[in-house]
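Listed below, chain by chain, are the residues.
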Amino acid sequence: MITDIFDRYQPALHGNFGIPEIMILKKGLEAKNIIEAMIGVGYREHEVQYIENYYNSSSDSVRNMQEATKHLGIGTQDKMTAAIAFLKKIAFLPSINSKYLNLRGLSDLNIPTRSANPSSVPIGKTEQAVFYAISDPNRIPELKQYIRSIPSVGDKEIIFALTIESVIAMLYRQNFCDTLLDLKKTIKEFNGENSRPVFESILIHSAFSRASDIHFTALPQGGIVEVRIDGVKSFVAAMNNSLYNSVQNLVMNSLGDPSFQIKTEGRLQEREIPEALKNRFEFRVEMMTEVYGKDMTIRLFDQGAETNDIESLGFKKEDVSYLSNLVKSGSGLIVVVGPTGSGKTTTNYALMKVIDPTRRSVQSVENPVENKVGMWRQYQLLHIDNMEEHEEWQEWNAGLLRNDPDVILQGEIRNGKLLNVAIDMAVTGHLVFATLHADDAVKAVFRMKRMKDAYGEAVDIDLLSSILLAIQAQRLLARLCPVCKIPLNEKEKDETLREIEDKGLTLDEKSNYHLFKSKNGGCESCYWTGYRGRLLVYEILKFNSNLIEVITDPHSRIADVEKFIPLHDSMQGKALQYVLNGDTDMEEVYRALRR
């Protein structure tokens, strides 16, 4: 049986298909019905039964099979979309590939719409063909008729690729709506009283620019707004005192804490979220009092985004296989480590997606729940008055263990008390996932060894080592913008290659490396940052008897454990390889790894 989407599809790199992000169906393959198509792209028969029954029982409120898939958390909307494309014999655009499309030169092919959720968007053109992403294959005849009337199309072949609705909405907003121009206009029109249009424009621009965070920074006369895209912070707008203070007051009232002294936090109320973003984005706010006034950081959560498959994150095939086999273990502890913003939770969610929720009960206690996933049972800390955090964790976990879980997401291990909670769950026969702030996988071991429990006693390192399955550390590097990246000159290239060799990486003398750097100021395609997209660098500390012997030795040092991760398998080794491949530059390596 074929069990993978890409056994059915291949990159569109030949013939009229000049867009590698599109996947086309391999020749000679067909499905007679949707069930056969679902099984063809990797669904198992019992999963198909769950999806089909849920959709049929809720068809009045569940719009399509993709939405049913998301509600249940079985597979992904991408996988279901691939099945429908397989059935209809059309191309398929995976959502992960859509991030690398550059649609800036396709405005003449755009189909105007007033809808916040357009059903199609142009994604490419060659001399022979034009390409459109669509979310509903039943609209192909209608769309084809309209597209044929566009003067620049002429008699070119019209090729459609099926993708999910949220991808089309994001591509349309990013490429055919000038959200920054709209923002500048609302700032200019600010009348000194109502700052809501400005604030809504900031949220819309940030959401559809793929920003992860919005920064409001107070200055002596007003403040500035910046966004973080692909890990890089960039300027959006400046505000005078009147506008900056008005926006701050708007948010404070939304949080219900207009008179805080040091800091306050919370979520934006529904009334503050623009119509175009409602039921799609959630905004979590942290405000603090600074020398010049109040600073604010708003983190964006795309509720329409799905939990990624582990295969799509950037792991090597052999590591995907290793991690997937670990996840099938009956019990133990898997810890993902890295700083804030390194994608730890995303990786944990992806690892847990390997687990079949129709066969094993997946439950979590999180602070906060970042992404609701189908049939998982997810509980969120309430921050109960007069109760310490580890005590509330213990209360939740006591109830959770009576809820018959097989797999538990513990959340962040911040101290020895929470580490002991995770250990207790693992030794009682559960598979436990957790995150930890540490510089790398080896230092995570020594950080946990130093943790103390509620009585000031050291964590039992023998017990911890016996239940640890793996510690996986990671960072996210910014990928150089493919449109504006600049080749290194010969002197720069030689210096960079020597630097890489000095760090211990062996170079292939036969290879002609093409090295690049970011363009200062970037271009329109990368929102003027020089970078577009992210690259995962990671390392895995794999637990076995030899490693356990070293870790439990009270005289062991960091260097003793580092020997278990060769340079080419380390975060630094993978980052340097990305430089050699021309995907990023040394400046970004130093920023992300700080070494």
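Residues numbered from 1 in each chain as written. Predicted model: local features only at pLDDT ≥ 70, side-chain atom pairs only at ≥ 80, totals over all residues. Heavy atoms only, no water.

**Observations regarding the overall build of the chain**
So, step 1. Helix and strand counts for the chain stand at 21 helices and 21 strands.
So, step 2. The C-alpha atoms of the chain give a radius of gyration of 25 Å, which matches the 25 Å a tight globule of 595 residues would have.
So, step 3. Considered along the principal axes of its C-alpha atoms, the chain spans approximately 75 × 65 × 65 Å.
So, step 4. Counting only contacts in the chain whose residues sit at least 6 apart along the sequence, the fraction spanning at least 24 positions is 66%.
So, step 5. As displayed, the chain has an accessible area near 27,700 Å², and 47% of this comes from carbon and sulfur atoms. (Helix = DSSP H or I, 4+ residues; strand = E, 2+ residues; numbered from the N terminus. Rg over C-alpha atoms; globule rule 2.2 N^0.38 Å. Contact = heavy atoms within 4.5 Å. Areas by Shrake-Rupley, 256 points an atom, 1.4 Å probe, with all protein chains shown as cover.)

**Observations regarding the packing of helix H17 (residues 490-502) against helix H20 (residues 571-580)**
So, step 1. Axis separation between H17 and H20 bottoms out at 11 Å; the angle between their running directions is 160 degrees. Relative to H20, H17 is oriented roughly antiparallel. H17 and H20 meet at a crossing whose hand is left-handed. In contact with Thr496, Leu497 and Ile500 of H17, H20 contributes Leu576, Val579 and Leu580.
So, step 2. Looking at the contact of H17 with H20 residue by residue, the classes come out as five nonpolar, one polar and no charged. (Axes fitted to C-alpha atoms, helices over the stretch in contact; angles between N-to-C directions. Parallel < 35°, antiparallel > 145°, perpendicular 65-115°, else oblique. Left-handed = near helix turned anticlockwise from the far one by under 90°. Nonpolar A, V, L, I, M, F, W, Y, C, P; charged D, E, K, R; others polar.)

**Section: the nonpolar core**
So, step 1. By size, the foremost hydrophobic cluster in this structure holds 60 residues, and its most contacted members are Leu333, Leu436, Leu464, Ile471 and Leu541.
So, step 2. Among the elements that line this core, the one with the most residues is helix H14 (residues 416-427), at seven residues.
So, step 3. Contact partners of Ile471, with chain neighbours within four places excluded, come to Val335, Val337, Ala441, Ala444, Val445, Met448, Glu539, Ile540, Leu541 and Phe543.
So, step 4. One finds Phe92, Leu109, Ala161 and Val167 within the second-largest nonpolar core, a separate group that totals 56 residues. (Core = buried A, V, L, I, M, F, W, Y, C linked by side-chain atoms within 4.5 Å. Buried < 20%, exposed > 50% of the residue type's maximum accessible area, 1.4 Å probe, protein only.)

**Some points on the state of the cysteines**
So, step 1. If you walk through the whole model with that rule in mind, you get zero disulfides.
So, step 2. You can see Cys481 has no disulfide; the closest cysteine sulfur is in Cys484, sitting 3.8 Å from it.
So, step 3. Take Cys481: its relative accessible area is 0%, and that puts it in the buried class.
So, step 4. There is no disulfide at Cys484, and the cysteine sulfur nearest it, in Cys523, is 3.7 Å away. (Disulfide = S-S within 2.5 Å.)

**Structural notes on a negative patch on the surface**
So, step 1. There is a patch of like negative charges on the surface, built from Glu501, Asp502, Asp508 and Glu509.
So, step 2. Accessibility expressed as a relative area gives 44% for Glu501, which makes it partly exposed. (Patch = residues over 30% accessible without salt bridge, like charges linked within 9 Å, V, L, I, M, F, W, Y side chains within 5 Å. Salt bridge = Lys/Arg side-chain N within 4 Å of Asp/Glu carboxyl O. Lys, Arg positive; Asp, Glu negative; His and termini not counted. Charge placed at Lys NZ, Arg CZ, Asp CG, Glu CD.)

**Details of H20**
Structurally, the α-helix is built with 3.6 residues per turn, so residues lying three or four positions apart point the same way.
So, step 1. Summarising burial for H20: nine of the 10 residues are buried, a large majority.
So, step 2. Taken as a whole, H20 has its buried residues at Met571, Gln572, Gly573, Lys574, Ala575, Leu576, Tyr578, Val579 and Leu580.
So, step 3. The inward-facing, buried residues of H20 contact strand E18 (468-480), H17, strand E21 (531-542) and helix H21 (586-593).

**Points about the confidence of the model for the chain**
So, step 1. Per-chain confidence: the chain averages 89 in pLDDT, with 95% of residues scoring 70 or above.
So, step 2. The least confident element of the chain, judged by mean pLDDT, is strand E1 (residues 9-11) at 63; the most confident is strand E13 (residues 332-337) at 97.
So, step 3. In this model, residues 13-17 is a region of pLDDT below 50 whose contacts with residues beyond four sequence positions or in other chains number 14 contacts. (pLDDT = per-residue confidence, 0-100.)

**Overview of unusual backbone geometry**
So, step 1. Its identity as a non-glycine residue notwithstanding, Arg210 has a phi of 70 degrees, on the positive side.
So, step 2. Note on placement: Arg210 falls in the loop between helix H9 (196-207) and strand E7 (211-219).
So, step 3. For Asp230, which is not a glycine, the phi torsion comes out positive at approximately 55 degrees.
So, step 4. Assignment of secondary structure puts Asp230 in the loop between strand E8 (222-229) and strand E9 (232-239).
So, step 5. With relative accessibility at 8%, the residue Asp230 sits in the buried group.

**Things to note about the sheet that holds strand E12 (residues 293-302)**
So, step 1. Pairing is antiparallel across the open sheet formed by six strands, whose spatial order is E9-E8-E7-E12-E11-E10. Each edge of the open sheet is held by one strand with a lone partner, namely E9 and strand E10 (263-267). Direction aside, neighbouring strands of the sheet carry axes that sit 15 degrees apart on average.
So, step 2. Pairing of E10 with strand E11 (residues 281-290) involves five bridges; the strand directions are antiparallel. In the strand pairing of E11, Arg267 is matched with Arg284.
So, step 3. Packed on one face of the sheet, H9 meets E7, E8, E9, E11 and E12 and runs near 140 degrees to E7. (Pairing = 2+ DSSP bridges.)

**Examining the pairing of E8**
So, step 1. When you tally the buried positions in E8, you get six out of eight residues, the bulk of the element.
So, step 2. When E7 meets E8, the two strands line up antiparallel, connected through eight bridges. For Ile214, the partnering residue across the bridge sits in E8 and is Val227.
So, step 3. Between E7 and E8, which pair antiparallel and follow one another directly, the connecting turn spans two residues.
So, step 4. Hairpin connection, E8 to E9: the antiparallel pair is bridged by two residues, and Asp230 has positive phi, about 55 degrees.

**So, the sheet that holds E18**
So, step 1. The strand order across the open sheet built from seven strands is E15-E14-E16-E17-E13-E18-E21, with neighbouring strands paired in mixed fashion. Because the sheet does not close on itself, it has two edges, and the strands there are strand E15 (377-380) and E21. Neighbour-to-neighbour, the strand axes of this sheet turn through a mean angle of 20 degrees, independent of strand direction.
So, step 2. Across four bridges, the pairing between strand E14 (residues 362-366) and E15 is parallel.

**Quick notes on the pairing of strand E16 (residues 407-412)**
So, step 1. Burial analysis of E16 places five of its six residues in the buried class, which makes it a mostly covered element.
So, step 2. Here E14 pairs with E16 via three bridges, running parallel. By the bridge assignment, Gln363 is partnered in E16 with Ile408.
So, step 3. Pairing of E16 with strand E17 (residues 431-436), which is carried by five bridges, proceeds in the parallel orientation. Pairing of Leu409 across the sheet is with Phe433, part of E17.
So, step 4. Crossover E16 to E17 through H14 is right-handed. (Right-handed = clockwise from strand over helix to strand, strands pointing away.)

**Let's talk about the packing of helix H8 (residues 179-188) against H9**
So, step 1. Between H8 and H9, whose axes approach to 9 Å, the crossing angle comes to 165 degrees. What the angle tells us is that H8 and H9 run roughly antiparallel. The two elements H8 and H9 meet at a crossing, and its hand is left-handed. In this structure, H8 uses Thr179, Leu180, Asp182, Leu183, Thr186 and Ile187 to contact H9, whose residues at the interface are Pro197, Val198, Ser201, Ile202, Ile204 and His205.

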